[in-house]
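The residues making up each chain are set out below.
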Amino acid sequence: ATVESEKPIFIAAVTDPVAAGLADSMENPGRNVTGTSDQAPIDEQVDLLVRNFPDTKTVGLIYNSSETNSKIQADQAVELLEKAGLKAQVATVTGTNDIAQVLNPLLDQVDAMFMVTDNTIDSAITLVGDSAKEAGIPTIGSSDSVVRTNGLATISNSYEDYGVQTAKMLIKMLDEGLKPGDMPIELGDAYEIVVNEDFAKALNLDPASIK
C-alpha cells in the first residue's frame, strides 16, 4: 500500500485498517485500499461468556502490549465486561517467553478467560489452552482457527469466509466500475458459534450445551 498508490488493493482480515494506516475510515477508505476487517464481534462474544457461565465474577485477559490491534480489542472487551457487572483482570506480555510466567498466576485469579485475537498469544495457543484446561478455566473469544486448535468457544468468521467475502467485493468493483476508496471496509458477514468439543469435554462440559 505504501509503494502502490493507484492499482486497487484488497485486504482480507486486517483488524483495524485505519490504525494500520491503510484507510482514512472504515466507511470511506479514501485511497486505493478496501476489503474486509476481522474485527471480532466482541459484544457477542461477551454475551456468549455471560450466557454460558452466569456464575463468573472475574474474567482474565492476556495479550501482547506492543500489538495495537490487541490493545484495541482488549479495551473494548474490558468496557463490555464491566458493563455486564464483571471484573476484568488484565495481564500483558512482550513475547512468547513471558506467557507461562504471566498466565499461570492470572488463571489462579479468574473464573474465565476472554481471548482477543493476538499474534503472540495465538502462536502459543497450545500452551495457553492446555494451561486453562488444567486450571479448569473456560476460554471464550478469539478466532475460529484458534478455538478449533485449543480454545473452548467463540463467535467468529472463518478466514476462508473472509477470503470469499473479500473476493466478492473485488468482483463487485469490477462489475460496477467502483473505486476502492469509495467502498466501505466490511466486517465479517458469516459469524457463527464455534465450539471445540475436546476442550469442552476436558472441562466436563457438554459441547452441545454451549449456545
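Parameters and conventions
Residues numbered from 1 in each chain as written. Predicted model: local features only at pLDDT ≥ 70, side-chain atom pairs only at ≥ 80, totals over all residues. Heavy atoms only, no water. Salt bridge = Lys/Arg side-chain N within 4 Å of Asp/Glu carboxyl O. Helix = DSSP H or I, 4+ residues; strand = E, 2+ residues; numbered from the N terminus. Buried < 20%, exposed > 50% of the residue type's maximum accessible area, 1.4 Å probe, protein only. Axes fitted to C-alpha atoms, helices over the stretch in contact; angles between N-to-C directions. Parallel < 35°, antiparallel > 145°, perpendicular 65-115°, else oblique. Left-handed = near helix turned anticlockwise from the far one by under 90°. Contact = heavy atoms within 4.5 Å. Nonpolar A, V, L, I, M, F, W, Y, C, P; charged D, E, K, R; others polar. Polar contact = N/O pair within 3.5 Å; in protein donor to acceptor, adjacent residues only side chain to side chain. Arc of directions from axis to C-beta. Phe/Tyr/Trp six-rings, centres within 6.5 Å; stacked < 30°, edge-to-face > 60°.

Peer 1: I would appreciate a short explanation of the pattern of salt bridges in the present structure.
Peer 2: Pairing between side chains becomes possible if they bear opposite charge and their charged atoms approach one another. Counted according to the given criterion, the structure contains three salt bridges. For D75, the salt bridge goes to K71, with nearest N and O atoms at 2.8 Å. Highlighted residues: D75 and K71, both in helix α2 (residues 68–83), separated by four residues, approximately one helical turn. Accessibility expressed as a relative area gives 39% for D75, which makes it partly exposed. Measuring nitrogen to oxygen at the nearest pair gives 3.6 Å for the salt bridge that ties D130 to K133. One end of the pair, D130, and the other, K133, are both in helix α5 (residues 125–135), three residues apart, so they sit about a helical turn from each other. A residue is classified by how much of its surface remains accessible, and D130, at 37% relative accessible area, is partly exposed.

Peer 1: How do you make sense of unusual backbone geometry when you look at a structure like this?
Peer 2: For residues other than glycine, phi is negative in most cases, and the peptide bonds are mostly trans. For S142, which is not a glycine, the phi torsion comes out positive at approximately 75°. Relative to the helices and strands, S142 is located in the loop between β6 (139–141) and α6 (144–150). In the Ramachandran plot, N204 falls in the positive-phi region, its phi being about 60° despite a non-glycine side chain. Tracing the chain through its elements places N204 in the segment after α8 (197–202). Classification of N204 as exposed rests on a relative accessible area of 73%.

Peer 1: Teacher, can you tell me more about the packing of helix α1 (residues 42–52) against α2 here?
Peer 2: Between two packed helices, what matters for the description is the angle formed by their axes and the separation of those axes. Closest axis-to-axis distance for the α1/α2 pair is 10 Å, and the angle between their directions is 45°. Judged by the inter-axis angle, α1 sits oblique to α2. Of the two elements, α1 crosses α2, and the hand of that crossing is right-handed. Contacts from I42, D43 and V46 of α1 reach α2 at Q73, Q76, A77, L80 and L81. Tallied by class, residues from the contact of α1 with α2 come to five nonpolar, two polar and one charged.

Peer 1: How should the side chain of S156 be read in this particular structure?
Peer 2: Examined against the element boundaries, S156 turns out to sit in strand β7 (residues 153–156). Among the polar contacts made by the side chain of S156, one reaches the main-chain amide nitrogen of D144 at a distance of 3.2 Å. In this structure S156 touches S142, S143, D144, A190, Y191 and E192, once residues within four positions along its chain are discounted.

Peer 1: What exactly am I supposed to notice about helix α3 (residues 99–107) here?
Peer 2: Along an α-helix, residues three or four positions apart point the same way, because every turn accommodates 3.6 residues. Of all the residues in α3, the buried ones are I99, L103, L106 and L107. On an axial view of α3, the arc spanned by its buried residues comes to 95°, and they lie on one face. Structurally, α3 contributes buried residues whose contacts are with β3 (58–64), β4 (87–93), β5 (112–115), α4 (119–123) and α5.

Peer 1: Help me understand the packing of aromatic side chains in this model?
Peer 2: A ring pair, where both rings are aromatic, is described by two values, the distance of the centres and the angle of the planes. The tally for this structure, following the rule as stated, stands at one aromatic pair. Relative to Y162, the ring of Y159 has its centre 5.8 Å away and its plane inclined at 45°; by these criteria the two rings are tilted. With Y159 and Y162 both in helix α7 (residues 159–176), this residue pair falls three residues apart, about one helical turn. Judged by relative accessible area, Y162 falls into the buried class, the value being 3%.

Peer 1: Which parts of the structure should I look at to understand the environment of N157?
Peer 2: Inspection of the secondary structure puts N157 in the loop between β7 and α7. Placed 17 residues apart in sequence, N157 and L174 show a C-alpha to C-alpha distance of 25 Å. Residues within four places of N157 in sequence aside, it is in contact with D144, Y162, Q165, G188, D189, A190 and Y191. Within the structure, N157 has its side chain in polar contact with the backbone nitrogen of A190 (distance 2.8 Å). Among the polar contacts listed, one links the side chain of N157 to the backbone nitrogen of Y191, at a separation of 3.1 Å.

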